[in-house]
Amino acid sequence: MNLIDPKQRDFDALHGAFAWDVPAYYNIAQQVCERHHRHFADPALYYENAAGAKQTFTFGQIKSLSDRFANALLGLGVGRGDRVAIILPQRVETAVTHLAAYKIGAIALPLSILFGPEAVEYRLRDSAAKVVVTDAAHVAMLAGLTAELPELQVLISTDAGDDAAAFSTLVDEASESLEIAQTRADDPALLIYTSGTTGPPKGALIAHRSLLGNLSGFELSQNFFPQEGDCFWTPADWAWTGGLLDGLLPAWHYARPIVAYEGGKFDPERACTLLQDYRVTNAFIPPTALKMLRQVSNLRRRFKLRLRGVMSAGEAVGAELYHWAREALGVEVNEMWGQTEFNYLVGNCSAIMPVRPGSMGKPYPGHQVDAIDDRGKPMPAGETGELAARRGDPVMFLGYWQNEEATRQKFIGEWFCTGDIGYRDEDGYLWFVGRKDDVISSAGYRIGPGEIEDCLLKHPAVAQAAVIGSPDDLRGNIVKAFIVLASGYTPSDELKQDIQTAVRTRLAAYEYPREVEFIDEMPMTTTGKVRRVELRRRDLERKRPS
C-alpha cells in the first residue's frame, strides 16, 4: 500500500533506491474510491459547517454517490475530455463531482468560490466548460455570463433553485451501476488555472498519473502516512492543488478520513477546535494559516491536539514559524515545495531527517531537482540559480491548455523551470530565495524577501509581513516592509524604528527595511499567498508625483 518502506530511516538512501512503476492504465477515482472494498463501512468524510451542522460519509456512500452522479453526467451528454467545472467549498458534493468526472474520463475544472464574475467567465470560456456544478449564489452570478459562454450547456446546483438542475435530484434518479472508463496514466484528469506574473491565467492540464507522483512526498511529509487512526485536515481550498492533490485525494488513496469544513474565512480558534474534536493527526496548513494560529492565546493548554505530521507549503515557512509550531503544536512542520505544474517535489520528513529551519528540504524519492543557470547547467553548492525539475516524472503536467508556446517556454532541455530562485547547500538541502520578480536588487546586493520576512516575524508586534523592492533614485531599489500588527499594538514611528533596528541587528545593514508601512490586511491570493504585485502597485501609486 505504501510507496515508502516505513522501516527505512535513511532519507538519502530512500531517494537513491527509489524508482517509479507507472502502470499503462490509471484512474484517480479507481485509486481513491473503487478499490477500497474493505473500507466501504469506514468514514471517508467528516463534514461540518459554520452553523455547526455535521455529517459523516463512508467510503461506500462516496462510491454510490459518485457512481450515480457519473451516470447523471453521462445522461446530460458529458463524455471523455469534456470539462466539468466545480465551484464549491469543502463539502461532499465537491468530492463526488471530482470522482464522477474521473470515472467517465471527463476533466474536472475546480474553481475557487472566491472568484468574481470576470475570473469565472474567463476560465469557463477559455476551457470551453460544458457543465458547472455550484451553489445557488454562483448560479445567480452565472446567469449574467451565459451569453458569453456558448459551450456551457448545463448548470447544476447543490441548492434548490429554478435556474439550474438540482444535484440531489440528478443523483437520486440515476443508476448506481457504472463501469468506470479505462483511462491511461497520461490521460488528462484535471485542469487547474494558475496565475503568473504576466498575462492571463494559464490552465495547467494534469494527468491521472499525477496522483501517483504526489505520493512519495505525501507519505514522507506526513511522517509515514498512513498509520493506524490517522485523520487528515487542511484549510486549503479543494479548488487548488494544495487542498486537492496535497490533501483530499491522497488521504482517500490510503482509505483515511478527511475533515471538510465549510466556514468561509479562516478562523484560527475554530481550526483548533476542529483539530481537537476530530482527533486530527495529519494536516496541510499553509504558512498564512500557521501565522494566524500564532494569535491563538494559550493554544497548547486550551486545546488537546494529536498532530503527528504537519506539512506546509505555498510560501516560505521560515525558521521563526517552525520554532513556534514545535512549541505550540507539538510537531516539527515539514516544509514542502512544488507547483501546480510539477507538484510535491521537495520537502522534509522530520521522522527520519534533521529539519533545517528555513530550508525547503530535499527532493523526495522519484524527483530530481536542482538550481540551474540559464543554459540548464546545475549550479555549484551554495550558488543561486533557478530551481528546476527534471522531465520524465509522473507528477509533471501535460502542458498548458491550448498554449504550446507557454509550455515550451517552461523548459530548458531536460529541465522544467519553476521561476523560483534558490540554491542547494553542501548537504543537498534546497533553500528558497524568492520568485524571479521578487528578488530585490539594492545598491548591488541581491536580496530575497524570505529571510527578512522571517526576521520580522520574530518581533512580537508583527502578525504578518511582506517585503518588496521599492524604487529609489540612489540605490535602484530599497527594501520596504508591509506589516500587519498583532493584536494590542498600534502603529507609531517608535514601533517602526524598533522593528527596523531588530532586522538591522539580526541580519545585515543592507537588508533592513528602510521603509515600513503598516496595513490592516495583507492582500492574498485565493491560495493563501501574498500578492506582492498588489503591494508593489500600491507602493508605486504612493510614490507617483501628483
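Model, not experiment: these values are computed from the prediction. (Residues numbered from 1 in each chain as written. Predicted model: local features only at pLDDT ≥ 70, side-chain atom pairs only at ≥ 80, totals over all residues. Heavy atoms only, no water.)

Novice: Help me understand the overall build of the chain, please; the structure alone is not making it clear to me.
Specialist: Broken down by element type, the chain carries 17 helices and 27 strands. The globule rule puts the C-alpha radius of gyration for 546 residues at 24 Å, and the 23 Å found for the chain is close to it. Across the 546 residues in the chain, those meeting the buried criterion constitute 60%. Counted over contacts in the chain with a minimum sequence separation of 6, partners at least 24 positions apart contribute 69%. For the chain, the exposed surface amounts to about 22400 Å²; the carbon and sulfur share of it is 47%. Of the side-chain charges in the chain, 58 are positive and 71 negative, and the distance between the mean point of each set is 3 Å. (Helix = DSSP H or I, 4+ residues; strand = E, 2+ residues; numbered from the N terminus. Rg over C-alpha atoms; globule rule 2.2 N^0.38 Å. Buried < 20%, exposed > 50% of the residue type's maximum accessible area, 1.4 Å probe, protein only. Contact = heavy atoms within 4.5 Å. Areas by Shrake-Rupley, 256 points an atom, 1.4 Å probe, with all protein chains shown as cover. Lys, Arg positive; Asp, Glu negative; His and termini not counted. Charge placed at Lys NZ, Arg CZ, Asp CG, Glu CD.)

Novice: Can you help me understand the sheet that holds strand β25 (residues 462-472) in this one?
Specialist: The pairing of strands in a sheet comes from backbone hydrogen bonds and takes either a parallel or an antiparallel form. Here three strands make up an open sheet; going across it, the order is β25-β26-β27 and the pairing mixed. The sheet is open, and its two borders are formed by β25 and β27 (515-518), each paired with just one other strand. On average, each strand axis in the sheet is tilted by 25° relative to the strand beside it, whichever way the strands run. Bridging between strand β26 (residues 476-485) and β27 involves four bridges; their strand directions are parallel. In the sheet register, K480 faces β27, and the bridge partner there is E515. The sheet strands contacting helix α15 (residues 449-457) are β25 and β26, and the helix crosses β25 at an angle near 140°. Here helix α17 (residues 532-543) sits on the sheet in contact with β25, β26 and β27, set at roughly 55° to β25. (Pairing = 2+ DSSP bridges. Axes fitted to C-alpha atoms, helices over the stretch in contact; angles between N-to-C directions.)

Novice: Explain the pairing of β25 here, please?
Specialist: Each regular strand shows side chains that alternate between the opposite faces of the sheet. Counting buried residues along β25, nine of its 11 residues qualify, which places the element largely inside the surrounding structure. As paired elements, β25 and β26 share 10 bridges and run antiparallel to each other. Considered in β26, the bridge of I468 is made with K480.

Novice: Looking at this model, I keep getting lost on the sheet that holds strand β10 (residues 232-233). Mind explaining?
Specialist: The mixed open sheet is built from nine strands, whose spatial order is β2-β1-β11-β10-β12-β13-β14-β15-β16. Across the chains shown, the open sheet's two edge strands, defined by having one partner strand only, are β2 (54-58) and β16 (362-363). Examined bridge by bridge, strand β1 (residues 43-49) and strand β11 (residues 258-262) share five bridges and lie parallel to one another. The residue of β11 that forms the bridge with E48 is Y261. Sitting on the sheet, helix α8 (residues 209-221) touches β10, β13 (309-312), β14 (334-339) and β15 (342-347), and the angle it makes with β15 is about 40°.

Novice: I tried to follow the environment of I107 on my own but got confused; where do I start?
Specialist: Take I107: it is sitting in strand β4 (residues 107-110). The class of I107 is buried, set by a relative accessible area of 2%. With sequence-adjacent residues up to four places away left out, I107 is seen in contact with G81, D82, R83, V84, P188, A189, L190, L191 and L205.

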